[in-house]
Amino acid sequence: MIEFHLDGHTKGATYLQLVQQVRQALRTGLLTPGDQLPKVREVSESLAINPNTVLKAYRQLEIEGLVEGRPGVGTFVRRTLAGPALANHAALRRDLEAWLRKARKAGLEREDVVALVETTMRATFQDDAAKGEIA
Amino acid sequence: MTAALEATGLGRRYGKHWALKDCTLHLPAGRIAALVGPNGAGKSTLLHLAVGLLGPSSGTVSVFGATPGDPKVRGDVGFVAQDTPLYPDFSATELATLGTKLNRRFDRALMLERLNGLNVAVDRPVPALSGGQRAQVALALALAKRPRLLLLDEPVASLDPLARREFLQALMGGVADEGTTILLSSHLLGDLERVCDYLVLLQAGRVQVLGGVDELVAQHRLLTGPLWTRDAGSINGVAAVVRQSHTERQTTLLVRTDDSAPAPGWPDPQWTVSDVSLEDIILAYLADAGAGTLPGPRNLHRVGGSA
């Protein structure tokens, strides 16, 4: 089960924030098919928001085919947004940890690492895009 | 859809003073409506007329198609008055007993369960409770009636931020499963923005703005551009300028558009267009009592006629 939150600084429709949080959870694998979303009453009570706003968010997700409402039971996840790449995350993370340890031993501070990663990423993705390898 | 609350030319006079005048509005069932306006705009008068605690001096008001106070609909309407007054010597349990005796349907168990869940001492006399807890007792009492229309007159005005939040949580949780229609008066625009999907804005005893929040937000825009005056002619697609401010070189306008959703690129490149919040809209209309025309009432006859 996921818990919704509202970002007071985001000037955007409340229902879109809820939709986005579900999409995010589907992308990271936090929600998988069959999982139940919190009940409308629970969400509107915990966030003190209009129940119609929650209904609108759930209806939007339903239109997108991501969830389905079962009358009297609740709203359930139908499909995931996590690509096949999600399975590779664990191995990649291990590689990254090893590399980070090496970088620290070489004397790089946190900001050095971020700067190095960002510049390398920009250059690499740019090269790949130029070669047309990245869709 | 049936109107939970409908008023036509509704007025109420105290001596020579009209507290509410020529008020025409339509609140569709299932909406959670904000009742907004400066002090003395007639908010409390409108709520008292809707409950049937006051009679109209002119015009008509109906709830679910019947006169307020009519035995047919009396049980359908719940009311939490300003500062949540309660019988002073009673505890919540005793109020629940009273509620059971005075109402045909009253969910005593629901009321006490709700209060226990909030850790309110249900056996203590109400004045011994904190302001937030007293407000919770008044709300639980009103909800236990299982009303189809719940009217609340500034229920959170005197509460601290935490108690206010807890009150709104209990209110939203309490009505979510029932689809209860709510008309809630408040000055706290931030709260209303989260809670309400309909707006009734009163000014000087009259309805100034009426309509669904999504529609109102979609219809209004903030335009920033080079210095502009009305003499320069109207701006394409603008139905009304609600508020304007100027510097030597720049003009900022809050406008209502002709179109319910203006296209990108509108109106022309010299204007920077930004979205507005419900709060921006309310403040703009409050600042100028004569601003614009009513977005809602223009269509009221059509809406009312097809209902």
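Residues numbered from 1 in each chain as written. Chains lettered and ligands numbered in written order. Predicted model: local features only at pLDDT ≥ 70, side-chain atom pairs only at ≥ 80, totals over all residues. Heavy atoms only, no water.

Looking at an unreviewed UniProt entry, one finds chain B named ABC transporter ATP-binding protein and attributed to Virgisporangium aliadipatigenens.

Looking at an unreviewed UniProt entry, one finds chain A named GntR family transcriptional regulator and attributed to Virgisporangium aliadipatigenens.

For the rest of this paragraph, the subject is the overall build of chain A. The number of helices and strands found in chain A is five helices and two strands. Counting helices and strands in the order they occur from the N terminus, chain A gives α-α-α-β-β-α-α. Here the C-alpha atoms of chain A give a radius of gyration of 20 Å, more than 25% beyond the 14 Å that 2.2 N^0.38 yields for 135 residues. Its C-alpha atoms give chain A principal-axis dimensions of roughly 60 × 30 × 30 Å. Counting across all 135 residues of chain A, residues that qualify as buried make up 27%. For chain A, the separation between the mean place of its 19 positive charges and that of its 17 negative charges on side chains is 3 Å. (Helix = DSSP H or I, 4+ residues; strand = E, 2+ residues; numbered from the N terminus. Rg over C-alpha atoms; globule rule 2.2 N^0.38 Å. Buried < 20%, exposed > 50% of the residue type's maximum accessible area, 1.4 Å probe, protein only. Lys, Arg positive; Asp, Glu negative; His and termini not counted. Charge placed at Lys NZ, Arg CZ, Asp CG, Glu CD.)

Our focus in this paragraph is the UniProt feature "domain: ABC transporter" (unreviewed entry) in chain B. The UniProt feature table records "domain: ABC transporter" (unreviewed entry) at residues 5-229 of chain B. When the span residues 5-229 of chain B is considered, its composition is 35% helix and 30% strand, and the gap between its end C-alpha atoms is 41 Å. (UniProt positions renumbered as here; feature names shortened; annotations may be inferred.)

Let us now look at the sheet that holds strand β12 (residues 250-257) of chain B. Residues and elements named next belong to chain B. The sheet built from four strands is open, its strands ordered β11-β12-β10-β13 with antiparallel pairing. Every interior strand has two partners, whereas the edge strands, β11 (238-246) and β13 (272-275), have only one. For this sheet, the mean inter-axis angle between neighbouring strands, taken without regard to orientation, is 25°. Where β11 meets β12, seven bridges bridge the pair, whose relative direction is antiparallel. What sits directly across from Q244, in β12, is L253. (Pairing = 2+ DSSP bridges. Axes fitted to C-alpha atoms, helices over the stretch in contact; angles between N-to-C directions.)

The subject of this paragraph is the environment of B:V238. Residue and element names in this part refer to chain B. For V238, the location among the structural elements is in strand β11. Using a relative accessible area of 16% as the deciding quantity, one classes V238 as buried. Beyond its immediate chain neighbours, meaning those up to four positions away, V238 contacts L223, V255, R256, T257, D258 and W266. (Contact = heavy atoms within 4.5 Å.)

By the burial criterion, the buried members of helix α9 (residues 278-287) of chain B are B:L278, B:I281, B:I282, B:A284 and B:Y285. Along α9(B), the residues classed as buried sweep out an arc of 165° about the axis, all on the same side. (Arc of directions from axis to C-beta.)

Each side of the interface is counted separately: chain A has 13 residues, and chain B has 17 residues. Between chain A and chain B lies a buried interface of about 1200 Å² when both sides are counted; carbon and sulfur atoms form 48% of it. When the area that chain A buries against chain B is broken down by residue, the three leading residues are A:R41, A:A48 and A:N50, summing to 38%. Scanning the region where chain A abuts chain B turns up two salt bridges. For the salt bridge of A:K56 with B:D214, the shortest nitrogen-to-oxygen distance reads 2.7 Å. Remark: the boundary between chain A and chain B carries ten residue pairs in polar contact (both at pLDDT 80 or more). Looking at the side of chain A that touches chain B, the elements that each hand over two or more residues are α2 (40-47) and α3 (51-63) of chain A. (Buried area = accessible area lost by both parts, 1.4 Å probe. Salt bridge = Lys/Arg side-chain N within 4 Å of Asp/Glu carboxyl O. Polar contact = N/O pair within 3.5 Å; in protein donor to acceptor, adjacent residues only side chain to side chain.)

Moving on, we come to the layout of surface pockets. Residue and element names in this part refer to chain B. One number sums up the size of the second largest pocket: a volume of about 990 Å³. Forming the boundary of the second largest pocket are 28 residues, of which V77, F79, L102, N103 and K145 lie nearest the centre. Among the secondary structure elements, those contributing two or more residues to the lining of the second largest pocket are α2 (71-74), β5 (77-80), α3 (92-102) and α5 (131-144). Class assignment for the residues of the lining of the second largest pocket results in 17 nonpolar, five polar and six charged. (1 Å grid on protein atoms, 1.4 Å probe; cavity = no way out; pocket = protein on both sides within 12 Å on 5 of 7 lines; lining within 4 Å. Points joined across faces, edges and corners; volume = space filled by probe spheres on them. Nonpolar A, V, L, I, M, F, W, Y, C, P; charged D, E, K, R; others polar.)

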